[in-house]
Amino acid sequence: MAERGEADFNDILDDWFIESLKTYKDLHVYQLEHPTQVIEWTSGKTVCVAGYSSSKNEIIELQLPLKLFAEENKGLCAERDFKVVHGGFTESPVRCLRHVPGTRCVVTNDGLTSDLQVWTVGGDDSDVIRRTGSVAGRKTRRKKSDSEGGSRIAARHSSQVLHGAQSDDIQLTQLTSGQILYTPEITSSDPLSSLQFVSDDVFLAGCCNGNVYIADTRASASPQLSPAPPGESVLWWTDAAAGASSGSFIRVSSSGLAEISDLRNPGAAVSRAQLSVQSRRCNPGDVTVSWAPALNDCIAVSGFSGLVQIYNTSGWGAELQEVQPLFEHRGHAVSSQSDEGDVFATSQLWHPERPRTLLSAASDGSVHVWDWVDQSDADR
């Protein structure tokens, strides 16, 4: 961050606060001791976060401010702060974290090996997050060039976890027994940027080079490959729209190119756009792209700067076009007083049911939960 005087900073902060009264329905902030790259829902009102420093890190479950969920008389709701409800420590960084649906367990990866760590959140009236197990990956150690970001994780009901660091070491594991239930037949060793179930049995594996594999855990056939978009060699990040396996998925490159494809015909791009993002050298774990689960055609993109951008994809077409964000959350960039250079958004996550509510985190340790206002609707 460029150096600026205290008076200038306060003026900028005041201007942004005044603007936020019109652009946010709700906005709450929390400060972690160390920044996080992971935010994961453990319930409709709680999330789990963890640090990624090389030394000892906290792993905590936060309850969101209850004022956020007050439908009426918000001003009368006294609970306006985040609350730590469970916590623990890990000796390793946490680069990926997933909650196992229907349980009080979360699964993590340290970005250094393909192994997973299993944690129990509370239980027996305890406020402690305890490590209770581990899962061995198919490859115990990554080469340095392949290790950035480590294993990706996707979890589904029945305590089954899909995980892998590269396309050829993906496996579906039963947590309770450690049994390997499925391994796809993939021969390439492409580092993964994402793993995601798009239905109960079908998953999508996004690779850093832009390749996307679509596989059915019930079938023995090889996964379907959607090759990387042609052009320059860049990093890519992938996410699929929530819902049935007949939906869409999006790829976003480190140069800001976005392509949407249909899971039923993944070889062709349905629409394309050049996003208005700040170009910078990115690592695989830097950027997050996510479809809104309860707001049609909207995606969130972060990690290129301190901004979290919302784009409406409904107007995109087959011809490449430059597009502007529908909304930008500038809170991390504006409010930070970090002395360690520019602040970057490290993660973001949509609420599963509230259409315009997101959480975001940044490299200065800030965590924000915000409910944004679509000005195009407000102006009608």
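Keep in mind it's a predicted model, so treat the numbers as computed, not measured.

## Quick look at the sheet that holds strand β5 (residues 83-90)
Note: strands within a sheet are paired through backbone hydrogen bonds, in either parallel or antiparallel orientation.
Point 1. Across the sheet, four strands lie side by side as β2-β3-β4-β5; this open sheet has antiparallel pairing. Each edge of the open sheet is held by one strand with a lone partner, namely β2 (36-41) and β5. For this sheet, the mean inter-axis angle between neighbouring strands, taken without regard to orientation, is 20 degrees.
Point 2. Where strand β3 (residues 46-51) meets strand β4 (residues 57-63), five bridges bridge the pair, whose relative direction is antiparallel. If you follow T46 over to β4, its bridge partner there is Q63.

## Some thoughts on the confidence of the model for the protein
Point 1. Mean pLDDT for the protein: 88, with 87% of residues reaching 70 or above.
Point 2. Confidence over residues 1-5 falls short of pLDDT 50; this stretch has 11 contacts with residues more than four positions distant or in other chains.
Point 3. Per-residue pLDDT stays below 50 along residues 140-147; that stretch engages in 13 contacts with residues further than four places along the chain or on separate chains.

## Description of the packing of aromatic side chains
A ring pair, where both rings are aromatic, is described by two values, the distance of the centres and the angle of the planes.
Point 1. With the rule as written, the count across this model stands at eight aromatic pairs.
Point 2. With a centroid separation of 6.1 Å and 75 degrees between ring planes, the pair formed by Y182 and F203 is classed as edge-to-face. Remark: F203 occurs in strand β15 (residues 202-207) and Y182 occurs in strand β13 (residues 180-182); sequence separation between them is 21 residues. Across this residue pair, the class does not change: Y182 and F203 are buried.

## What about the environment of E319?
Point 1. Following the sequence through the fold, E319 ends up in the loop between β24 (308-312) and β25 (327-329).
Point 2. Residue E319 is classed as exposed on the basis of its relative accessible area of 65%.
Point 3. Residues E319 and S271 lie 48 residues apart in sequence; the distance between their C-alpha atoms is 7.1 Å.

## So, the pattern of salt bridges
Point 1. According to the stated counting rule, one finds nine salt bridges in the structure shown.
Point 2. Between R98 and E40 there is a salt bridge whose closest N-O contact spans 3.9 Å. Highlighted residues: R98 in strand β6 (residues 96-99) and E40 in strand β2, separated in sequence by 58 residues.
Point 3. On the basis of relative accessibility, which here comes to 29%, the residue R98 falls in the partly exposed class.
Point 4. Owing to a relative accessible area of 13%, E40 belongs among the buried residues under this scheme.
Point 5. Close ionic contact of R218 with D216 constitutes a salt bridge, the shortest N to O distance being 2.7 Å.
Point 6. Accessibility expressed as a relative area gives 21% for D216, which makes it partly exposed.
Point 7. The network of salt bridges with common partners includes R156, D201, D216 and R218.

## Observations regarding the environment of F304
Point 1. Within the element layout of this structure, F304 appears in the loop between β23 (298-302) and β24.
Point 2. A relative accessible area of 3% means that F304 is categorised as buried.
Point 3. For the pair formed by F304 and G256, sequence separation is 48 residues and the distance between their alpha carbons is 8.9 Å.
Point 4. Among residues more than four places away in sequence, those in contact with F304 are V252, S253, S254, V277, Q278, R280, C282, V287 and F344.

## Some points on the nonpolar core
Soluble globular proteins tend to pack their nonpolar side chains together in the buried interior.
Point 1. Formed by 19 residues in total, the largest nonpolar core has its most connected members in I250, L275, Y311 and W316.
Point 2. Taken together, the elements giving at least two residues each to this core come down to β19 (248-253), β20 (257-262), β22 (288-291) and β23.
Point 3. Ignoring sequence-local partners within four residues, the contact set of W316 consists of I250, A258, I260, S271, R272, A273, L275, I299, Y311, Q321 and V323.
Point 4. Ranked by size, the runner-up nonpolar core spans 16 residues in total, among them V47, L62, L64 and L68.

## Describing the pairing of strand β11 (residues 160-164)
Point 1. Across the five residues that make up β11, a large majority, five, are buried.
Point 2. Both faces of β11 are covered, namely the face carrying Q160, L162 and G164 and the face carrying V161 and H163.
Point 3. Of the strand pairs in this sheet, strand β10 (residues 152-156) and β11 are connected by five bridges, and their pairing is antiparallel. When the bridges of β11 are listed, R156 appears paired with Q160.
Point 4. Linking β10 to β11, which pair antiparallel, is a turn of three residues; within it S158 sits at a positive phi near 70 degrees.
Point 5. Where β11 and strand β12 (residues 171-174) come together, four bridges link them in antiparallel fashion.

## Examining the pairing of β3
Point 1. Burial runs high along β3: six of the six residues are buried.
Point 2. A two-sided burial pattern is seen for β3, the buried positions comprising T46, C48 and A50 on one face and V47, V49 and G51 on the other.
Point 3. Two strands pair when backbone bridges link them, and β2 and β3 are joined in this way by five bridges, in the antiparallel orientation. By the bridge assignment, E40 is partnered in β3 with C48.
Point 4. Adjacent in sequence and paired antiparallel, β2 and β3 are bridged by four residues.
Point 5. A loop of five residues connects β3 with β4, the two strands running antiparallel in sequence.

## Some words on the side chain of S302
Point 1. Considering the arrangement of structural elements, one finds S302 in strand β23.
Point 2. Residue classification places S302 among the buried positions, given a relative accessible area of 1%.

What counts, and at which threshold
Residues numbered from 1 in each chain as written. Predicted model: local features only at pLDDT ≥ 70, side-chain atom pairs only at ≥ 80, totals over all residues. Heavy atoms only, no water. Pairing = 2+ DSSP bridges. Helix = DSSP H or I, 4+ residues; strand = E, 2+ residues; numbered from the N terminus. Axes fitted to C-alpha atoms, helices over the stretch in contact; angles between N-to-C directions. pLDDT = per-residue confidence, 0-100. Contact = heavy atoms within 4.5 Å. Phe/Tyr/Trp six-rings, centres within 6.5 Å; stacked < 30°, edge-to-face > 60°. Buried < 20%, exposed > 50% of the residue type's maximum accessible area, 1.4 Å probe, protein only. Salt bridge = Lys/Arg side-chain N within 4 Å of Asp/Glu carboxyl O. Core = buried A, V, L, I, M, F, W, Y, C linked by side-chain atoms within 4.5 Å.

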